[in-house]
Amino acid sequence: MAEIDLSLLDVPRTGPVPDPEAYLRAAIAWHFGEDTGSAFWLRTAQTLNFDPLTDVKVFEDLRLFPNLVNELRDAPVEDLIPRGYGTPAPVPKIFESGGTTGAPKRTAQLPDWVEQVTQWQIEDFTAGGFVAGQGLLYLMPSGPHGVGHFSRAVSERLGSVFYPVDLDPRWVKKLSARNATAEVSGYVGHVLEQARFVLQTQRVANLHTSPPLLGAIARDDAMVDLVNQKIRYILISGAHVDLDTLDLLREIFPTAEIAMAFGSTMILSQARTRVDGDAFVFDPRAPYVVFWVIDPDTGECVPYGERGQVVMNHISKGMFIPNNLERDTAIRMNGPDNQIGDSVSEVVPVASFEGEPVIEGVYLSLIHI
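Bear in mind the structure is a predicted one, so any value in this text is a computation, not a measurement.

Chemist: Where do I start with the pairing of strand E11 (residues 279-283) in this structure?
Modeler: On any regular strand, side chains alternate: one points to one face of the sheet, the next to the other face. With five of five residues buried, E11 lies mostly within the body of the structure. Along E11, one buried face is formed by Ala279, Val281 and Asp283 and the opposite face, lined by Phe280 and Phe282, is buried too. Examined bridge by bridge, strand E10 (residues 272-276) and E11 share five bridges and lie antiparallel to one another. Along E11, the bridge assignment pairs threonine 273 with phenylalanine 282. Taking the residues between adjacent antiparallel strands as the criterion, E10 and E11 are bridged by two residues, where glycine 277 takes a positive phi near 70°. Examined bridge by bridge, E11 and strand E15 (residues 343-349) share two bridges and lie antiparallel to one another. By the bridge assignment for E15, valine 281 is matched with serine 345.

Chemist: When you look at the packing of helix H6 (residues 169-177) against helix H7 (residues 181-201) in this model, what are you seeing that I'm missing?
Modeler: Between two packed helices, both the angle of their axes relative to each other and the distance between the axes serve to describe the pair. Contact geometry of H6 with H7 gives a least axis separation of 8 Å together with a crossing angle of 155°. Classified by the angle between their axes, H6 and H7 sit roughly antiparallel to one another. Crossing geometry of H6 relative to H7 is assigned as left-handed. Across the interface between the two elements, Trp171, Val172, Leu175 and Ser176 from H6 touch Glu183, Val184 and Tyr187 from H7.

Chemist: Help me understand the packing of aromatic side chains in this model?
Modeler: Any two aromatic rings considered together are summarised by their centre-to-centre distance and by the angle between their planes. Enumeration according to the criterion identifies 20 aromatic pairs in this entry. A ring pair is formed by tryptophan 41 and phenylalanine 65, whose centres lie 5.8 Å apart and whose planes are at 80°; its orientation type is edge-to-face. One end of the pair, tryptophan 41, is in helix H2 (residues 39-45); the other, phenylalanine 65, is in the loop between helix H3 (52-55) and strand E1 (93-96), and 24 residues separate them in sequence. This pair shows no difference in class: tryptophan 41 is buried, exactly as phenylalanine 65 is. For the cation-ring pair, arginine 63 lies above tryptophan 292, with the distance from its terminal atom to the ring centre recorded as 4.1 Å. A cation sits over an aromatic face here: arginine 332 above tyrosine 304, 3.8 Å from the ring centre.

Reading the values: the criteria
Residues numbered from 1 in each chain as written. Predicted model: local features only at pLDDT ≥ 70, side-chain atom pairs only at ≥ 80, totals over all residues. Heavy atoms only, no water. Buried < 20%, exposed > 50% of the residue type's maximum accessible area, 1.4 Å probe, protein only. Helix = DSSP H or I, 4+ residues; strand = E, 2+ residues; numbered from the N terminus. Pairing = 2+ DSSP bridges. Axes fitted to C-alpha atoms, helices over the stretch in contact; angles between N-to-C directions. Parallel < 35°, antiparallel > 145°, perpendicular 65-115°, else oblique. Left-handed = near helix turned anticlockwise from the far one by under 90°. Contact = heavy atoms within 4.5 Å. Phe/Tyr/Trp six-rings, centres within 6.5 Å; stacked < 30°, edge-to-face > 60°. Lys NZ or Arg CZ within 6 Å of the ring centre and 35° of its normal.

Scope: geometric values only; no functional claims are made or implied.
Here you go:
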């Protein structure tokens, strides 16, 4: 049996793990070791029809695990923290999903992982054209959502004042569910009013928002003028933007670099973004995050260039979330050399998931400009 090196799990790191499969073996030994694993996984291991410590050797073996993310809706946070962190354990940051398909799911992100993600996002913001030293206007969910924490942390690390606007995606989803179109429109108008106050009075050059909110800005001539006067970097995330819409947004906001990000609460991070022709492609940060794009009826990967449903795996020292069939579909793409798993492009939500309609609210991907 290969020797286990638990130090491979330590983060933050500035470079890739040299041996991904050695990393996987260390992660499995950690999460299922009696002295190091979390109460959640040690308890779950007793119900599995295989032994993770002996049967999980390569990344494909993660398919052996059942998808247990729904248990994160009510699992005690303390049960998610691996014992190997010691007593008392570090205090985690709790980030929740949007509650699109039911009660929100919770992740417990420990300080070492939070620092790793912060460093990655500093790289991503910088590569995308973020103007360091000038303010960031933030029109995205905050509160229990990780995107708000990391955008604030990255902005401050880059010497930029962070200007958040209150945004509650769960409330907008409730409005959308009962077809309260006028109330949704009123809520969006309220958000844009708060944004206008910042644009009119503060030194901002960066904007982080969702596609529908950027679409709403694009329909408001006064807001377009303000954005074009002030903003030089626009980061859009939370929903897919097709190439035609992206071209139109670039025409409307010609003075800004437009970048796109793709992340998920359940991968505890965001993918690295690259441009392939005119399309954005998202590369997961393997071996910490591994994507597969599958045919949900067969469980097999679809051919490259075809659309399938995204399976996400998160493997880190702080959390282990394997074989999670997400509510998104995407085009399966080749990743960079030596990447474990798939890259994805053109990510869109399925119409329904686990028998429930998927209501995106402020993340609606259809923009009418």
